[in-house]
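# Coordinate analysis (summary)
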Amino acid sequence: MIINGQEFAEGDRVKVQKDGRSYEGILMPSRSGNIVLKMSNGYNVGLAPEGSAIEFIEKSTPPAFRLAPHAHIEDKKLPTVSILSTGGTIASRVDYRTGAVSSQFTPDDIMDSIPELTEIANYKGEVLSMIFSEDMDASIWQNLARAVHRHIQEGAQGVIVTHGTDTLMYTAAALSFMVQSPVPIVLVGSQRSSDRPSSDNAMNAICAAAVAVSDIAGVTVVMHGSTSDDVCYVHRGTKVRKLHTSARTAFQSVNEAPIAKVDYATRAITASGEYQKRGEKTLELRDQMDCRCALIKFYPGMPADIIDFYLAKGYKGLVIEGTGLGHVNSGWLPTVKKAIDSGMTIVMTSQCINGRVCDRVYSTGIDLLNAGVIEGQDMLAETALVKLMWALGQTTDMGEIRRIMETNIAGEINWRTQV
């Protein structure tokens, strides 16, 4: 590339002087014509070439290309864990062709970049998809569930699923319902890509591996637990939500405490709640889902005909995030009853982060129950949506769907409200 009459290559380390300030970093591609640098703090800076003095420092191979793949020697004394990659930031690095962060890491790449993993287990890897998590859908959940089931059948003593953080809680809930497992199934992601000095990918992955060989069976999410970089928390797959857009401590358990914490330095796991033990349940795959479901958030003045829209489109289930204890405008009642009488299942959750739905306190709530609305108890709205898709995939009988939604299947319902 030509900048101010000088020729440079992508990946060169340069220094740019502009407006009395100095910027040093790796030269990245730019479609805008600006000078774009990846600085040592992990952030990008864009500078207009006009008035800039650029100085060549050295030919610098981008960090993402310095990885030297090597054969992973199996240690017969260690258990075997499968790493199933779906993409996301934990499996991402800077693409120096576009200047963007993209999902490119394979399971082998992850082990190469985090060699401590090989001290914990032997690994089998499989790339199921290379997408950011906003591109997830129910068909990918099903493929993932089948792959998890297959790997456990083939002898995996634990499974790690690498996943983007934005919709990780939906996938965790889906696997919780679709796969009954005698071994740990651990979902892990990172908030910051591996090329950034503040990346949490190594710590999260190492803690996830420790959980994958532990006695904590079933589906969990393992993510950063504190700003001190000392612990990760182990969250139940149906009780976790991303509560911050970018902080490394974004993931928190809702309506219950985390199952356990992992000390990063020692990999010691300290349990703090009830959990399914390794070997307690037999392996079972229940992967049928009906995607004709939607999640809507009620707001003041929201028209009831939104329900008519979904009914006309053939949707079979609806989860409503109601206000407070689980309310909507009282004018919605005739439309809600018509939809339920027409065969739609409607589940009420709350917009509040903590607490539970109780439609037996106010008259509107009682009227909703009389219309046939199912209380979502203390389920997260995301979990309720996934569970409803799964319930509709198991049966078409509305009475049985109600029974499933009102039954605690995978720890999604706590019958005792958390204060």
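Our structure is the block above this text.
Summary of the structure given here. Everything numeric in this text was worked out from a predicted model, so none of it was measured.

Read across the sheet, eight strands follow the order β11-β8-β12-β14-β15-β16-β19-β20 without closing on themselves; strand pairing throughout is mixed. Each of the sheet's edge strands pairs with one partner strand only, and the pair in question is β11 (122-131) and β20 (269-271). For this sheet, the mean inter-axis angle between neighbouring strands, taken without regard to orientation, is 25 degrees. For strand β15 (residues 218-224) and strand β16 (residues 231-236), the ladder comprises five bridges, and the chain directions are antiparallel. Within β16, the position partnered with valine 222 by the bridge is valine 234.

Turning to the pattern of salt bridges, a few remarks are in order. Applying the stated criterion to the full structure yields 20 salt bridges. Taking the shortest distance from any N to any O, the salt bridge between glutamate 256 and arginine 236 comes out at 2.8 Å. With glutamate 256 in the loop between β18 (251-253) and β19 (260-263) and arginine 236 in strand β16, this residue pair connects regions lying 20 residues apart in the sequence. Judged by relative accessible area, arginine 236 falls into the buried class, the value being 18%. Among the salt bridges present, the one from lysine 337 reaches aspartate 341, with a minimum N-O distance of 2.8 Å. Highlighted residues: lysine 337 and aspartate 341, both in helix α6 (residues 333-341), separated by four residues, approximately one helical turn. Where salt bridges share partners, they join Arg13, Glu24 and Glu58 into one cluster.

Conventions we followed
- Residues numbered from 1 in each chain as written.
- Predicted model: local features only at pLDDT ≥ 70, side-chain atom pairs only at ≥ 80, totals over all residues.
- Heavy atoms only, no water.
- Pairing = 2+ DSSP bridges.
- Helix = DSSP H or I, 4+ residues; strand = E, 2+ residues; numbered from the N terminus.
- Axes fitted to C-alpha atoms, helices over the stretch in contact; angles between N-to-C directions.
- Salt bridge = Lys/Arg side-chain N within 4 Å of Asp/Glu carboxyl O.
- Buried < 20%, exposed > 50% of the residue type's maximum accessible area, 1.4 Å probe, protein only.

The analysis is restricted to geometry; functional conclusions fall outside its scope.
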